[in-house]
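# Reading the structure
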Amino acid sequence: EIKCNKCSHIQPPRQNCEQCGLTFASYFCAKCKLYDSNVSKHAVFHCDKCGTCKVGSRETVYHCDICQCCIQMEFKSTHACTPAKFK
């Protein structure tokens, strides 16, 4: 749960207060329950395959299904896959 600092309303995690409408953060991920207000300094996105939020732009990475992680696009052609040991 999250408690609004403006009106003290307690609610399930979400980006805005159900009662007063206050925006808790400019980025909110319902899956990770992650709040981030520094998106002007860095982009954030959720990778469903990794199951986590990542710092960076979705357009600059790809998810390698063999390694089970996100890799920068600039390394896509030279990336040597290492099968993930942990699932």
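See the structure above.
Here the residue index of a chain counts from 1 through its sequence in written order. With the structure being a predicted model, the display of local features is reserved for residues of pLDDT at least 70 and the display and counting of side-chain atom pairs for 80 or more, all residues being used for whole-chain, interface and lining totals. Excluded from the side-chain calculation are hydrogens and water; included are all heavy atoms of the structure.

### Some words on the overall build of the protein chain
Looking only at helices and strands, one finds zero helices and eight strands in the protein chain. Strands here mean DSSP runs of E at least two residues long; helices mean DSSP runs of H or I at least four residues long; both are numbered from the N terminus. Along the protein chain, from the amino end to the carboxyl end, the secondary structure elements read β-β-β-β-β-β-β-β. The C-alpha atoms of the protein chain give a radius of gyration of 17 Å, which is well past the 12 Å a tight globule of 87 residues would have. To sort residues, take the accessible area from a 1.4 Å probe on protein chains only and compare it with the maximum for the residue type: under 20% means buried, over 50% means exposed, and anything in between is partly exposed. Of all 87 residues assigned to the protein chain, the portion counted as buried reaches 25%. What the globule rule says is 2.2 Å times the number of residues to the power 0.38, and the radius of gyration is computed from C-alpha atoms.

### Overview of the environment of N16
Relative to the helices and strands, N16 resides in the loop between β2 (10-11) and β3 (27-29). Separated by twelve residues in the primary sequence, N16 and F28 place their C-alpha atoms 9.3 Å from one another. Here a residue-residue contact requires only that any non-hydrogen atoms of the pair lie within 4.5 Å. When residues no more than four places from it in sequence are discounted, the contact partners of N16 are Q11, G21, L22, T23 and F24.

### Here's the deal with the state of the cysteines
Note on terminology: pairs of cysteine sulfur atoms within 2.5 Å are recorded as disulfides. Scanning the model with the defined rule gives zero disulfides in all. Unpaired in terms of disulfides, C70 finds its nearest cysteine sulfur in C47, a separation of 3.6 Å. Summary of cysteine pairing: C81 is not part of a disulfide, and the nearest cysteine sulfur, belonging to C64, is at 3.5 Å.

### Some words on the pairing of strand β6 (residues 52-55)
In this analysis, strands are considered paired if DSSP registers two or more bridges between them. Taken together, the four bridges between strand β5 (residues 44-47) and β6 define a ladder with antiparallel strand orientation. Of the residues in β6, the one forming a bridge with V44 is V55. Counting the residues in the hairpin turn of β5 and β6 gives four residues, including G51, whose phi is positive at 80°.

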